[in-house]
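# Overview (structure and organization)
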Amino acid sequence: MDELIARDLGAGRLVRFWLLVGGAALGWGIVGAALQAFDGPGDPLTAILGAGFGAVGLACVVVCWIFIGMGVWRDRTVRQLVVDWAEVGRGHGFSAAQWRLPGLSLAWLLSSVVVCGLGLWSSLGFAVRARPGSETYADAVFFIGLGVILWVAGLFGAVKAVKHYRWAVRALR
């Protein structure tokens, strides 16, 4: 159980998750910079470089989200194993108190809530302060896309923390 809980909610898992989210955000930043290349005058070299960097940035975003998705799929499998082992141990004096991990669960939840807030601020904040003529379509695509990346990743982390908390509360009864 210790190994399963560490694979599901451990500090290393938290760091890997946020590094992948950071990689996706960095990739989207590269896409945003590439989109800025198309806002200026029609220089062909700038357009070619912008398209190349945009493809690299988009590939970075896609690869990071593939790994995040694989992690979510693995978390689902680990979660099922934890629930099954808890059911097996219930009749043999099992106590889930040692696997409750309120600190790690809170770290997942708070970091996820902060990232969700940043994502909403990026998307909705841009939409609120955008004025015709001062912001471009590339700015809108960048800020709203970055907000969606952060918001969805924050939701994944928050759901993970809440699911673990609910499991621990049910297992302690």
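So, here is what we can say about the structure in this document.

Rules behind the numbers
Residues numbered from 1 in each chain as written. Predicted model: local features only at pLDDT ≥ 70, side-chain atom pairs only at ≥ 80, totals over all residues. Heavy atoms only, no water. Helix = DSSP H or I, 4+ residues; strand = E, 2+ residues; numbered from the N terminus. Rg over C-alpha atoms; globule rule 2.2 N^0.38 Å. Buried < 20%, exposed > 50% of the residue type's maximum accessible area, 1.4 Å probe, protein only. Contact = heavy atoms within 4.5 Å. 1 Å grid on protein atoms, 1.4 Å probe; cavity = no way out; pocket = protein on both sides within 12 Å on 5 of 7 lines; lining within 4 Å. Points joined across faces, edges and corners; volume = space filled by probe spheres on them. Nonpolar A, V, L, I, M, F, W, Y, C, P; charged D, E, K, R; others polar. Core = buried A, V, L, I, M, F, W, Y, C linked by side-chain atoms within 4.5 Å.

## Quick notes on the overall build of the protein
- A count of helices and strands for the protein gives 5 helices and 0 strands.
- Going from N to C terminus, the protein has its helices and strands arranged as α-α-α-α-α.
- Rg of the C-alpha trace for the protein: 21 Å, well past the compact-globule value of 16 Å for 173 residues, more than 25% over.
- When each of the 173 residues of the protein is scored for burial, the buried share is 36%.
- Considering only contacts in the protein between residues 6 or more positions apart, those separated by 24 or more positions represent 86%.

## Side note on the layout of surface pockets
- As a volume, the largest pocket reaches approximately 260 Å³.
- Elements represented by at least two residues in the lining of the largest pocket include exactly α2 (11–37), α3 (44–90) and α5 (137–172).
- The element contributing the most residues to the lining of the largest pocket is α5, with 5 residues.
- Along the lines of polarity and charge, the residues of the lining of the largest pocket split into 5 nonpolar, 1 polar and 7 charged.
- Volume-wise, the second largest pocket comes out at about 170 Å³.
- Pro102, Ser105, Leu106, Ala161 and Tyr165 are, among the 13 residues lining the second largest pocket, the residues nearest its centre.
- Elements supplying a minimum of two residues to the lining of the second largest pocket: α4 (102–129) and α5.
- Considering each element in turn, the lining of the second largest pocket owes the most residues, 7 residues, to α5.

## Re the nonpolar core
- Within the largest apolar cluster, 19 residues are counted, with the highest numbers of intra-cluster contacts made by Phe17, Trp18, Val21, Trp28 and Trp108.
- Those elements that place two or more of their residues in this core are α2, α3, α4 and α5.
- Top element by residues in this core is α2. It accounts for 8 residues.
- When sequence neighbours within four positions are dropped, the list of residues in contact with Trp18 reads Ser111, Ser112, Val115, Ala153 and Gly154.
- Among the nonpolar cores identified, the runner-up in size contains 9 residues, and Ile5, Val78, Val82 and Trp99 belong to it.

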